[in-house]
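Below, each chain spelled out in residue letters.
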Amino acid sequence: MMTSKQLTALSLAAALALPGLATAADYVIDTKGGHAFIQFRIPHLGYSWLYGRFNEFSGDFSYDKDNPSAARVDVTIKTASIDSNHAERDKHLRDKDFLDVSRYPEATFKSTSFTAKGDGTAVLKGDLTLRGITKPVSIDVTEIGEGPDPWGGHRRGFQGSTRFALKDFGIERNLGPA
């Protein structure tokens, strides 16, 4: 059972194939024009949810539908890009009580395994590094779709979600009971 200090992260990544690569299985996460995002929600004061997102991130992934267990994902998040739609709160979330962005300007996720369930869903496991602390996380993944785009490229989209306790990453402060 998770504690009340949880963060639920959702991400949707529609990706564009890297041009000139020998394999169609390598993709860059398409962060331009709102095609991909990383958002979160966290209990706030025990009676509501605080929603937010990270506006700056980059990454890539490799996926072969004939060999999904070989999939890999690497993502880097600029922690100062946190955006909860409230400037003063964002300033607090960037300070040492929460993300400590001056000391830890990036968070990363590097996959360690991908297990397809055969119904368009999978479990992506990997190492999440936040505030200099690395912990394993599991992300429940759903494939959205794939195919050619109007510009001659190939896109593949996934959605994933995970939950973890902030205290596991050295964040002892919370936004109230849940």
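Each value, and the rule that gives it
- Residues numbered from 1 in each chain as written.
- Predicted model: local features only at pLDDT ≥ 70, side-chain atom pairs only at ≥ 80, totals over all residues.
- Heavy atoms only, no water.
- Salt bridge = Lys/Arg side-chain N within 4 Å of Asp/Glu carboxyl O.
- Helix = DSSP H or I, 4+ residues; strand = E, 2+ residues; numbered from the N terminus.
- Buried < 20%, exposed > 50% of the residue type's maximum accessible area, 1.4 Å probe, protein only.
- Phe/Tyr/Trp six-rings, centres within 6.5 Å; stacked < 30°, edge-to-face > 60°.

J.: Looking at this structure, I do not really get the pattern of salt bridges. What am I missing?
T.: Side chains carrying opposite charge are able to pair once their charged atoms draw close together. On inspection of all chains with the given rule, the structure shows 10 salt bridges. With a closest N to O distance of 3.8 Å, aspartate 74 and lysine 110 form a salt bridge. Here the residue aspartate 74 occupies a position in strand 6 (residues 72–78), and lysine 110 occupies one in strand 8 (residues 106–116), the gap between them amounting to 36 residues. The shortest N-O distance in the salt bridge between arginine 156 and glutamate 146 comes to 3.6 Å. Of this pair, arginine 156 sits in strand 11 (residues 154–165) while glutamate 146 sits in strand 10 (residues 133–148), placing them 10 residues apart in sequence. For arginine 156, a relative accessible area of 6% corresponds to the buried category. Within the structure, one salt-bridge network assembled from shared partners comprises Asp60, Arg72, Asp74 and Lys110.

J.: How should unusual backbone geometry be read in this particular structure?
T.: Across residues other than glycine, the phi torsion is negative in most instances, and most of the peptide bonds are trans. With a phi close to 60 degrees, leucine 45 is a non-glycine residue in the positive phi region. Along the chain, leucine 45 turns up in the loop between strand 3 (36–44) and strand 4 (48–54). By relative accessible area, leucine 45 is classed as partly exposed at 41%. Positive phi, normally seen in glycine, also occurs at aspartate 100, with a value near 50 degrees. Tracing the backbone through its elements, the reader meets aspartate 100 in the loop between helix 1 (87–94) and strand 8.

J.: Could you clarify how one ought to interpret the packing of aromatic side chains in this entry?
T.: For any two aromatic rings, the description comes down to two numbers: the centre-to-centre distance and the angle of the planes. What the rule picks out here adds up to six aromatic pairs. Here the aromatic rings of phenylalanine 40 and phenylalanine 54 are separated by 5.7 Å at their centres, their planes lie at 50 degrees, and the arrangement is tilted. Of this pair, phenylalanine 40 sits in strand 3 while phenylalanine 54 is found in strand 4, placing the two residues 14 residues apart along the sequence. Assigned by exposure class, phenylalanine 40 and phenylalanine 54 land together as buried. Arranged with centres 5.8 Å apart and planes meeting at 75 degrees, the rings of tyrosine 63 and phenylalanine 114 form a pair that is edge-to-face. Residue tyrosine 63 is found in the loop between strand 5 (57–62) and strand 6, and its partner phenylalanine 114 is found in strand 8; the two are separated by 51 residues along the sequence. Of the two residues, tyrosine 63 and phenylalanine 114, neither departs from the other in class, the shared state being buried.

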